Amino acid sequence: MQLGWIVKGLRTGRVTTRYPAAPEPQPGLWRGRPVLDPRACRAADGCRACVAVCLPDALRLEGDNLVLDYGRCVMCGLCVPACPAGALRMEPDYELAVTRPADLRVAVRLGSGNGRESDGR
Ligand code: SF4
Ligand code: SF4
């Protein structure tokens, strides 16, 4: 039985990759993660277009902040075309692991003029 496993393994060949020693190739339809540009965001002027299309509430209002929470984001990309200001784009990152949940959040403070990044990435 064990000899059969060895033969099967030799026939299968190597199935692992060199990641993280080498970058992992991304599939052609890979969308990546949404990135919010706080300088372009018009949330301070009342825009809520991205919040309206984000089904898992990854983009939401929390007090005086517009929050982008990668812990809830499903990387669907629907928020990007919904943004009238071009403040959201998809970037092909896949290394999203963090040691603190708070690091999964990006917040844009609402107020006069454009928002600014206040925490997170
Ligand atoms: S990519 Fe999808 S889930 Fe993530 S913030 Fe945008 S709309 Fe929400
Ligand atoms: S990210 Fe775009 S859609 Fe969302 S509040 Fe800012 S300007 Fe509006």
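Since the structure is predicted, the reported quantities are computational estimates derived from the model, not experimental observations.

(A) Looking closely at the overall build of the protein. Along the backbone of the protein there are three helices and five strands. Reading the protein from its N end, one meets helices and strands in the order α-β-α-β-β-α-β-β. Computed over the C-alpha atoms, the radius of gyration of the protein is 20 Å, more than 25% above the 14 Å expected from 2.2 N^0.38 for a compact globule of 121 residues. The principal-axis extents of the C-alpha atoms in the protein amount to approximately 70 × 30 × 25 Å.

(B) Region of interest: the site of ligand 2. Surrounding ligand 2, one finds 14 residues, the nearest of these being Cys41, Cys47, Ala49, Cys50 and Cys83. Here the residues of the shell around ligand 2 are counted per class, giving twelve nonpolar, no polar and two charged.

(C) Main features of the pairing of strand β2 (residues 59–62). Sheet topology note: the β2/strand β3 (residues 65–69) ladder contains four bridges and is antiparallel. Following the sheet pairing, Glu62 is matched in β3 by Asn65. Once β2 ends, the chain turns through two residues before running back antiparallel as β3, passing Gly63 with a positive phi of about 60°.

(D) Fine view of the site of ligand 1. Neighbouring ligand 1 are 14 residues; Cys54, Ala58, Cys73, Cys76 and Cys79 lie closest to it. When the residues that make up the shell around ligand 1 are grouped by side-chain class, the tally is 13 nonpolar, one polar and no charged.

(E) Up close: the environment of Pro56. Within the element layout of this structure, Pro56 appears in the loop between α2 (49–53) and β2. Judged by the 12 C-beta atoms lying within 10 Å of it, Pro56 falls in the exposed class. Taking the C-alpha atoms as reference points, Pro56 and Cys73, separated by 17 residues in sequence, lie 6.7 Å from one another. Those residues in contact with Pro56 that sit more than four places away from it in its chain are Arg72, Cys73 and Val74.

Conventions used here
Residues numbered from 1 in each chain as written. Chains lettered and ligands numbered in written order. Predicted model: local features only at pLDDT ≥ 70, side-chain atom pairs only at ≥ 80, totals over all residues. Helix = DSSP H or I, 4+ residues; strand = E, 2+ residues; numbered from the N terminus. Rg over C-alpha atoms; globule rule 2.2 N^0.38 Å. Near = placed C-beta within 6 Å. Nonpolar A, V, L, I, M, F, W, Y, C, P; charged D, E, K, R; others polar. Pairing = 2+ DSSP bridges. Buried ≥ 20, exposed ≤ 12 C-beta atoms within 10 Å, placed from the backbone. Contact = placed C-beta atoms within 7 Å.

Remember, this is a structural readout, not a statement about activity or role.
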